[in-house]
Amino acid sequence: MAAGEWWRHGVIYHIYPRSFSDSNGDGVGDLAGITARLDYLNDGTPSSLGVDAIWLSPFYPSPMKDFGYDVSDYTGVDALFGTLEDFDTLVTEAHARGIRVVVDLVPNHTSDRHPWFLESRSSRQSPKRDWYVWADSKPDGQPPNNWMSAFPRAGRAWTFDQRTGQWYLHSFLPEQADLNWWSPAVREAMDEVMRFWLDRGVDGFRVDVAHRMAKDPQLRDNPLVAMGDDDDPAGPWRARRVAEMQLELYDEDWPEVHQILRRFRRTLDGYDDRMAVGEVYLLDLRKLARYYGSGRDELHLAHNFVFLHQPWKPEAFRSVVDEYAALLLADAWPAQFLGNHDHSRVASRYDEGGNGLARARVGAMMVLTLRGTPFLYYGEELGMVDGEIPPDRVVDVDGRDPERTPMQWDASPDAGFSLPGDASARAAPWLPVAAGAERVNVVVERDDPTSMLSLYRHLIWYRKGSAALRWGGYRSLPEVPESLYAFVREAPEERLLVVLNFGDAPVRWPAGPGPGDAARVELSTDPARQPGPVALPDLVIAADEGVVLRLP
Ligand code: GLC
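Residues numbered from 1 in each chain as written. Predicted model: local features only at pLDDT ≥ 70, side-chain atom pairs only at ≥ 80, totals over all residues. Heavy atoms only, no water.

For the rest of this paragraph, the subject is the overall build of the protein chain. Scanning the protein chain from N- to C-terminus turns up 17 helices and 21 strands. In terms of C-alpha radius of gyration, the protein chain reaches 23 Å, essentially the compact-globule figure of 24 Å for 552 residues. A burial count over the protein chain gives 62% of its 552 residues as buried. Sequence-distant contacts, at least 24 apart, represent 70% of the contacts inside the protein chain between residues at least 6 apart. Summed over its atoms, the accessible surface of the protein chain is roughly 20,000 Å², and 52% of this surface lies on carbon and sulfur atoms. (Helix = DSSP H or I, 4+ residues; strand = E, 2+ residues; numbered from the N terminus. Rg over C-alpha atoms; globule rule 2.2 N^0.38 Å. Buried < 20%, exposed > 50% of the residue type's maximum accessible area, 1.4 Å probe, protein only. Contact = heavy atoms within 4.5 Å. Areas by Shrake-Rupley, 256 points an atom, 1.4 Å probe, with all protein chains shown as cover.)

Formed by 134 residues in total, the largest nonpolar core has its most connected members in Tyr 13, Leu 41 and Ile 54. Among all residues touching Leu 41, those that are not within four sequence positions of it are Tyr 13, Ile 15, Phe 20, Ser 48, Leu 49, Gly 50, Val 51, Ile 54 and Ile 99. Residues Leu 497, Val 534, Val 547 and Leu 549 belong to the second largest nonpolar core, which totals 18 residues. (Core = buried A, V, L, I, M, F, W, Y, C linked by side-chain atoms within 4.5 Å.)

Our next topic: the packing of helix α14 (residues 356–369) against helix α16 (residues 452–464). α16 packs onto α14 with a crossing angle of 10° between their chain directions and a minimal axis gap of 10 Å. If you check the angle between α14 and α16, you find them roughly parallel. For the crossing formed where α14 meets α16, the hand is right-handed. Between α14, through Leu 357, Ala 360, Arg 361, Ala 364, Met 365, Leu 368 and Thr 369, and α16, the contact on the second element is made entirely by Met 452, Leu 455, Tyr 456, Leu 459, Ile 460 and Arg 463. (Axes fitted to C-alpha atoms, helices over the stretch in contact; angles between N-to-C directions. Parallel < 35°, antiparallel > 145°, perpendicular 65-115°, else oblique. Left-handed = near helix turned anticlockwise from the far one by under 90°.)

This next bit is on the packing of aromatic side chains. Across all of its chains, the model carries 35 aromatic pairs by this definition. Their ring planes at 65° and their centres at 4.9 Å tell us that Phe 117 and Tyr 168 sit as a pair that is edge-to-face. Of this pair, Phe 117 sits in helix α6 (residues 115–122) while Tyr 168 sits in strand β7 (residues 166–169); the two residues are 51 residues apart in sequence, bridging distant segments of the chain. A ring pair is formed by Tyr 250 and Trp 254, whose centres lie 6.0 Å apart and whose planes are at 40°; its orientation type is tilted. Here Tyr 250 falls in the buried class, since its relative accessible area comes to 17%. Following the ring pairs from residue to residue traces out a cluster consisting of Tyr 13, Phe 20, Tyr 40, Tyr 377, Tyr 378 and Trp 409. The ring of Trp 430 carries the charged tip of Arg 18 above its face, separated from the ring centre by 4.2 Å. (Phe/Tyr/Trp six-rings, centres within 6.5 Å; stacked < 30°, edge-to-face > 60°. Lys NZ or Arg CZ within 6 Å of the ring centre and 35° of its normal.)

Looking now at the site of the ligand. The local shell around the ligand holds 15 residues, among which Asp 66, His 109, Asp 208, Glu 279 and Asp 342 are the closest. For the ligand, an oxygen atom lies 2.9 Å from a polar atom in the side chain of Asp 208. If the ligand stood free it would expose 310 Å²; the protein chains cover 100% of that surface. Across the shell around the ligand, the residue classes tally to five nonpolar, three polar and seven charged. Looking at the shell around the ligand, you find at least three residues from each of domain 1 (6–108 + 184–462) and domain 2 (115–178). (Near = heavy atom within 4 Å. Polar contact = N/O pair within 3.5 Å; in protein donor to acceptor, adjacent residues only side chain to side chain. Nonpolar A, V, L, I, M, F, W, Y, C, P; charged D, E, K, R; others polar. Domains from an automatic or database assignment.)

Summed over all chains, the structure comprises 41 salt bridges. Between Asp 104 and Arg 206 there is a salt bridge; the shortest N-O distance is 3.0 Å. With Asp 104 in strand β3 (residues 100–105) and Arg 206 in strand β9 (residues 204–207), this residue pair connects regions lying 102 residues apart in the sequence. We note that Asp 104, like Arg 206, is buried. Between Glu 545 and Arg 529 there is a salt bridge, with its nearest N and O atoms 2.7 Å apart. (Salt bridge = Lys/Arg side-chain N within 4 Å of Asp/Glu carboxyl O.)

The strand order across the open sheet formed by six strands is β14-β15-β16-β21-β18-β19, and the pairing between neighbours is antiparallel. Edge strands, defined here as strands with exactly one partner in the open sheet, are β14 (473–476) and β19 (532–535). Strand-to-strand twist of the sheet, defined as the mean angle between neighbouring strand axes without regard to direction, takes the value 30°. Contacts from α16 reach β16 (494–501), β18 (518–524) and β21 (546–551), with the element oriented near 125° to β18. (Pairing = 2+ DSSP bridges.)

The subject of this paragraph is the environment of Val 280. In this structure, Val 280 sits in the loop between β10 (275–278) and α10 (285–289). Classification of Val 280 by relative accessible area gives buried; the value is 0%. For the pair Val 280 and Asn 222, spaced 58 residues apart in sequence, the C-alpha separation works out to 19 Å. Sequence-distant contacts of Val 280, defined by excluding residues within four places in its chain, comprise Ala 210, His 211, Leu 288, Tyr 291, Leu 299, Ala 302, His 303 and Phe 305.

Attention shifts here to α16. Under the 1.5 Å per step criterion, the end-to-end length of α16 is 19 Å for 13 residues, consistent within 8% with the ideal 18 Å. Counting buried residues in α16 gives ten out of 13 residues, a clear majority hidden from the surface. Along α16, the residues classified as buried are Met 452, Leu 453, Ser 454, Leu 455, Tyr 456, Arg 457, Leu 459, Ile 460, Tyr 462 and Arg 463. (Expected span 1.5 Å × (residues − 1).)

Looking now at the pairing of β18. Of all seven residues in β18, five are buried; the element is thus mostly enclosed. Examined bridge by bridge, β18 and β19 share four bridges and lie antiparallel to one another. Its bridge partner lying in β19, Arg 520 is registered against Pro 533. Examined bridge by bridge, β18 and β21 share four bridges and lie antiparallel to one another. Among the inter-strand pairings, Ser 524 is bridged to a residue of β21, identified as Val 547.

Shown next, in the form of structure tokens:
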């Protein structure tokens, strides 16, 4: 491993700023709130979570039609979240604790209130007209093509502008106009945005919808096909997107996107040890693997949404991991995750009759022991579940409020989300606190050795001390009972066996395929199992249990 490259072995914690910690009592989380909680994330001791980096969803000025993913100024901070000084303080305080800071870059689209779009929209002669994708109606008055917004409620991906008599493209809401990445000026402008934040000390970017920046310059119709999977356990979001009967041939993953990413990489390479992780929402591992480029020239990491969309079946996860490992070039490094702000929380998504939490523990062990950089979504470490949102509290256009409820810090009515001590100085949180917060919260779990938080802490700190887990090789063991996913992680100095039971019955470790007889239990998702020596033929893995074993 090259020196530096923290992003290859660190654990990255995803914060949705609106929902993490509210310092001023207005009911919305903010940057100062995050700064106040940094010791929880990592104070250098195993009593803290121990993450190595935070990734912040957007905190830029925004009309908040998509809660910040509609940016109206790429180089500022929305007053709701604080000021640029608050951001600088956050970076300084995070760095003082060895926590890197990754910010969201939203290059595919701006808010329709962004000055660039206001200018572009003002006339067909505007010098910024070609910064966005404008097109004429079809002869019959219809939109330029059949492309659809990723949000079903937004319908068509085109909105007609009366004043200038053309349509503009929006892959998401009409208030999120797509930039035209064929324009050299757009590329230069985004270089500037990146440099602005890199100069301020950020350690990297999460690139929003990285696969969408380039589209067919001829704007051809997508072919119509029947596809889609309404039973997708990750929630309806992506499933609905692909169920639209369109093969997204022309409106995403256009080859030019790789040129754009190479340009991003050159900008990043002008600084020390910075990185980009892409939201590459392509449910095709072959396409995904290409986003790493041909050797350190595109993304450093790409989120693997194929993994996130698997049903709770060991063979499903195993085959995705193995297939992807075979597709990636030797130097390309996977990013492991099971949740983000667009998807039903793990503890809810995989719940069948009350086993959601037990399964989430196995999921945590899987993400933190596979080869690749683990990403955690805030609250996952507590076992937070999807919140129930009464109809009059629904705010997201695409049903994603349940996974964005306030972080649960303590057992008080607002779960300790708002910091001001005086209750009369606190507005209600912007989304209701999820049910069960009086049990599922930091204060309660911190001192409970059986809690989800304790499991995460153990896994994360164990990982830090383990060469095999941080950068060792990976080999799955195919001939194990069907409810198990088992793999070996191996570095010159140590060999670990990870066994995950996805089933609801105990399973005896099979004699034969195993890598030897004597082992030592290092960690288990089951608090009842003690660390210590075990003979593998005697090992019985409990229902919904995951175990890390040290091999001789
Ligand atoms: C990404 C974000 C999502 C947002 C969309 C549009 O998919 O994760 O939250 O709505 O981009 O920016």
